[in-house]
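# Summary of the model geometry
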Amino acid sequence: RIMYGAPAGSDGRIPAAPPTSFSPGIHGKGLDGKANSAPSWPSIDQMVAAVPVRPYAFEAPKSFAGPAGGNGVQYGVLEYAGSIPKPHASGEAKFSLLKGVLTDNEAAQLLSMCSQILSEEIGSGRARDLDSVDGRPRFAVDIAEFGVLSSKCAPDVRPLVETALLPLVRQKYDCPTASLSSAYFRRFVPEERRFVPPHYEHGSFAVLVIALQEPTSYTGGFFVQGSGKAFMDRRFIQLNRGDICLFQYDLYHGVDVQEGSQLELVLHFKDSPQAVADGTCPWYWSLAKENHPAGLYGHALSLAVQNYFSAKEFLDKACEQDHVEALYTAAEWCWEPPTESGLQESSASAVALWRRAAELGHCRSRSRYGGLLMQGVPGRLAQDLWEGKRLLRLAFEQDDPDAAFHLGHALLQDGDRDGATKLLAACAKGHPRACFQVAEMYREGQFQFPKDVQQSIRYTKWAAHQGDGQALSNLGHMLINGMGVVKDEAKAVRLFRHAAKLGAAEGMLNYGLALLRGSGGVKVDYQEALEWAQKSAALGHGLAHQQLSMFFNAAKHPNPPARCVPSSMEELRSLGVRELRDLLRLEGIDFSDCVEKSDLIARAALHLPGVAEPWDAAPEHTVLLEPKKLSKEDILRQRAQAAASKLSGQGYDTAPVNAVDKGAQEPAVKLGEASGGSLFQEKEQIPTAKQEGEPPPDVFELVD
């Protein structure tokens, strides 16, 4: 079992004494379904229950005279002032918790409006932009950019910002020229984003986090951290609906939603309208003139928007004072210079900077440098497994999901079963690659994991929803072959298409096979199928190399010939209703909700050449699980009961059928009726030992 940190006391949300051992449940069974004597792996829920959630202890609140409202009268709110030490630096970072700034009606209105906008954005794929903090999909929608509010929410948000929030920031930090820079609404729900690593908001003069839910709907949430010791010094801020947490650029903070769902609105402010327009951070200049390391680093990031060479000078000065964030950023610039920066690549300088930051305890440097050492980069960095594992273990103890994944993967390759625990820890944070690998272990029953199709589908969906190409391809493979789910070829082909566009070699081959055979209702297109097969082979996929000849022969003698697809709105309008329906059906596009011809044209216009294809909602929807098949023993028992009932009807005395057996008989009767046959036809569906051991059909490739 795994235990993070010390058990929480009376101030936490978990019991003061965690369980001494994990209950076996489904994880206490081996591959044969029998209990194992050896300790088994904990589930995600059990691991979450072992992580302490320690709230921040505020002192007595003081009254805070807020800005004037719409009637010109100032209102008073309770302010809880807090402070934590700055990691790897001197001094303390201050923040404030303002209670009840928004009324319940205002919070509910914001939640309803923003949730609707975000759902529409996620359905079209535009809310999966990569976060600058960790490179994961944000699952957030921008409410304001460069100080301009979105037209969809401006009528509801602008009065709140201008009359309450912006004056509050100006009064709190004595900055009359402060202006709104950006704002976004984000959500943390199961099978999406669950964790934002601790970080600084270097590009914002002030940040305002608005809670739109009660804290009972989730466990964890927004936290502050005063050192690199994640599980010892991490403190969660309890935000009720309508509460606001206000802080500046020097606060080390993050989000960790362990259970439930959280939705919040985050607003970023700069100190002047000119800074908003230029994207700069002039408030760092006064600290930079004093040769303060944090000021030098912040000013370097501000200058990087316009001139990397000037920014590099201030960055080097911050590195000379061992500023860990500056060391990490300088190492990244040396290892892979930003586009159009003009900086020279230097592997030796990057390694030296990462090593120094790792020695100072910087978590991201340990994870990044350790991961590179485990793999090795030919011509740039020699492989060092021992040092790589050491750094990854240190980063794992600081709650870094990337380090947990790389360390777990390396340990499993060495035959160390403890690697599965590290992968499960990364899964709890929503790491897509860890979710994909754990899904494969559940599917194959590796490392004493039980063969659990439902768990495998769950983690495959989680990884696919975050845009993992291999997970999308595997989910499509399950759907097209009906492996544990209801067979759906059309949805599977759409998943193959997304996986291919994301660069997954298996997705390219699978989509090429679908185009070659017309699977899922798509029109046969030999030429496009050949192109995808060639791309897959170019990435080194062995099966694609073997089947290239088949694709070449099909493209050389196409039958049927290549199709002609409308390429403009004028061509779509010239088609009739029946022709539009045939076009959408052949493209594998759902049009069941289209009533008028204009609806069919609008749906087809989304798939014109050159138009970005909307994100398919298949990974977000619940995958229907296949009904559980009856075992041979259940069928024999039902036959015996049926024979006994028949004898009883002829006057023979038989034992009554108990409630358990009667309940077990109902699914078989329904299944027999649905298939148009009798109950005894179930004999054909009994899998033999040989059938169970046979591999799945190799029509579509599955990633291991």
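This one's a predicted model, so the numbers in the text were calculated from it and none came from an experiment. (Residues numbered from 1 in each chain as written. Predicted model: local features only at pLDDT ≥ 70, side-chain atom pairs only at ≥ 80, totals over all residues. Heavy atoms only, no water.)

Here the focus is the nonpolar core. Burial of nonpolar side chains together is a common tendency in soluble globular proteins. Ranked by size, the top nonpolar core spans 66 residues in total, and within it Leu423, Val438, Phe449, Tyr459, Tyr511 and Phe551 carry the most contacts. In this structure, Val101, Ala154, Ala164 and Leu267 belong to the second largest nonpolar core, which totals 49 residues. (Core = buried A, V, L, I, M, F, W, Y, C linked by side-chain atoms within 4.5 Å. Buried < 20%, exposed > 50% of the residue type's maximum accessible area, 1.4 Å probe, protein only.)

Another aspect to go through is unusual backbone geometry. Its identity is not glycine, yet aspartate 174 carries a phi of approximately 50 degrees, on the positive side. Along the chain, the position of aspartate 174 falls in the loop between helix H3 (154-172) and strand S6 (179-188). On the basis of relative accessible area, aspartate 174 is assigned to the exposed category, the value being 68%. Backbone geometry at aspartate 322 places phi at a positive 60 degrees, although glycine is not the residue there. The topology assignment puts aspartate 322 in the loop between helix H8 (308-320) and helix H9 (324-335). By relative accessible area, which is 29% here, aspartate 322 ends up partly exposed. (Helix = DSSP H or I, 4+ residues; strand = E, 2+ residues; numbered from the N terminus.)

Right, let's get into the sheet that holds strand S7 (residues 195-199). On the basis of which strands lie adjacent, the open sheet formed by four strands has the order S7-S12-S9-S10 and antiparallel pairing. On the outer flanks of this sheet lie S7 and strand S10 (234-236), each paired with one strand and no other. When strand polarity is set aside, the average angle formed by the axes of neighbouring strands in this sheet is 30 degrees. Where S7 meets strand S12 (residues 253-260), three bridges bridge the pair, whose relative direction is antiparallel. Note that in S12 the partner of phenylalanine 195 across the bridge is aspartate 256. (Pairing = 2+ DSSP bridges. Axes fitted to C-alpha atoms, helices over the stretch in contact; angles between N-to-C directions.)

Their axes nearest at 9 Å, the elements helix H20 (residues 526-538) and helix H21 (residues 542-556) cross at an angle of 160 degrees. By the angle between their directions, the pair H20 and H21 is classed as roughly antiparallel. Every pair of crossing elements has a handedness; the one defined by H20 and H21 is left-handed. Along the contact surface, H20 presents Tyr526, Gln527, Ala529, Leu530, Ala533, Gln534, Ser536 and Ala537, while H21 presents Ala544, His545, Leu548, Phe551, Phe552, Ala554 and Ala555. Split by residue class, the contact of H20 with H21 holds 11 nonpolar, four polar and no charged. (Parallel < 35°, antiparallel > 145°, perpendicular 65-115°, else oblique. Left-handed = near helix turned anticlockwise from the far one by under 90°. Contact = heavy atoms within 4.5 Å. Nonpolar A, V, L, I, M, F, W, Y, C, P; charged D, E, K, R; others polar.)

The full count for this structure, using the stated rule, is 20 aromatic pairs. Centre to centre, the rings of tyrosine 442 and tyrosine 459 are 5.9 Å apart; their planes meet at 5 degrees, and the pair counts as stacked. Here the residue tyrosine 442 occupies a position in helix H15 (residues 432-444), and tyrosine 459 occupies one in helix H16 (residues 453-465), the gap between them amounting to 17 residues. Taken as a pair, tyrosine 442 and tyrosine 459 share a single burial class, namely buried. Pairwise contacts between aromatic rings join Tyr173, Phe205, Tyr249, Trp283 and Tyr284 into one cluster. (Phe/Tyr/Trp six-rings, centres within 6.5 Å; stacked < 30°, edge-to-face > 60°.)

Take the confidence of the model for the protein chain next. The predicted coordinates of low-pLDDT regions are not to be read in fine detail. Across the protein chain, pLDDT averages 81, with 79% of residues at or above 70. The low-confidence segment residues 1-39 (pLDDT under 50) makes 72 contacts with residues lying over four places distant or belonging to another chain. In this model residues 69-74 is a low-confidence stretch, pLDDT under 50, and it forms seven contacts with partners more than four residues away in sequence or in other chains. (pLDDT = per-residue confidence, 0-100.)

One side chain can pair with another of opposite charge once the charged atoms of both are near each other. Tallied over the full model, the rule gives 30 salt bridges. Here arginine 186 and glutamate 264 are joined by a salt bridge, their closest N and O atoms 2.7 Å apart. Of the two residues, arginine 186 is situated in strand S6 and glutamate 264 in strand S13 (residues 262-270); the sequence distance between them amounts to 78 residues. The partner of aspartate 256 in a salt bridge is lysine 429, and the shortest N-O contact between them spans 2.8 Å. One end of the pair, aspartate 256, is in strand S12; the other, lysine 429, is in the loop between helix H14 (418-428) and H15, and 173 residues separate them in sequence. Beyond isolated ion pairs, a larger network of salt bridges with shared partners links Arg234, Asp256, Asp399 and Lys429. (Salt bridge = Lys/Arg side-chain N within 4 Å of Asp/Glu carboxyl O.)

So, on to the pairing of strand S4 (residues 140-145). Bridge count between S4 and S6: four bridges; the pairing is antiparallel. By the bridge assignment, alanine 144 is partnered in S6 with alanine 183. In the sheet, S4 pairs with strand S5 (residues 148-149) via two bridges, with the strands oriented antiparallel. From the neighbouring strand, alanine 144 faces S5, where its bridge partner is leucine 149. The antiparallel pairing of S4 with S5 creates a hairpin that spans two residues between the two strands, and phenylalanine 146 there sits at a positive phi of about 50 degrees.

Before going further, it helps to spend a moment on the packing of H9 against helix H11 (residues 363-375). Look at H9 against H11: their axes get within 10 Å of each other, and the N-to-C directions meet at 30 degrees. Judged by the angle between their axes, H9 and H11 are roughly parallel. The crossing of H9 and H11 is left-handed. In this structure, H9 contributes Tyr328, Glu332 and Trp335 to the contact, and H11 contributes Arg364, Ser365, Arg368 and Leu372.

Our focus in this paragraph is the side chain of glutamine 398. One can find glutamine 398 in the loop between helix H12 (385-397) and helix H13 (401-413). Excluding residues that lie within four positions of it along the chain, glutamine 398 makes contacts with Gly228, Ala230, Gly361, His362, Cys363 and Arg366.

Below, the discussion takes up H14. Counting buried residues along H14, 10 of its 11 residues qualify, which places the element largely inside the surrounding structure. Looking at H14, one finds that the buried residues are Gly419, Ala420, Thr421, Lys422, Leu423, Leu424, Ala425, Ala426, Cys427 and Ala428. Just downstream of H14 lies glycine 430, where phi reads positive at about 80 degrees.

A separate point is H20. A rise of 1.5 Å per residue sets the reference length of H20, with its 13 residues, at 18 Å; its end C-alpha atoms lie 18 Å apart and thus fit the reference within 8%. When we look at burial in H20, the residues that qualify are Tyr526, Ala529, Leu530, Trp532, Ala533, Ser536 and Ala537. The arc enclosing the buried residues of H20, seen along the axis, measures out at 165 degrees, which places them on a common side. As for H20, its buried residues are in contact with helix H18 (489-501), helix H19 (505-517) and H21. Regarding H20, its N-cap is aspartate 525, as a side-chain oxygen of that residue lies 3.3 Å from the backbone nitrogen of glutamine 527 further along. Just past H20, the residue glycine 540 takes up positive phi, approximately 90 degrees. (Expected span 1.5 Å × (residues − 1). Arc of directions from axis to C-beta. Polar contact = N/O pair within 3.5 Å; in protein donor to acceptor, adjacent residues only side chain to side chain.)

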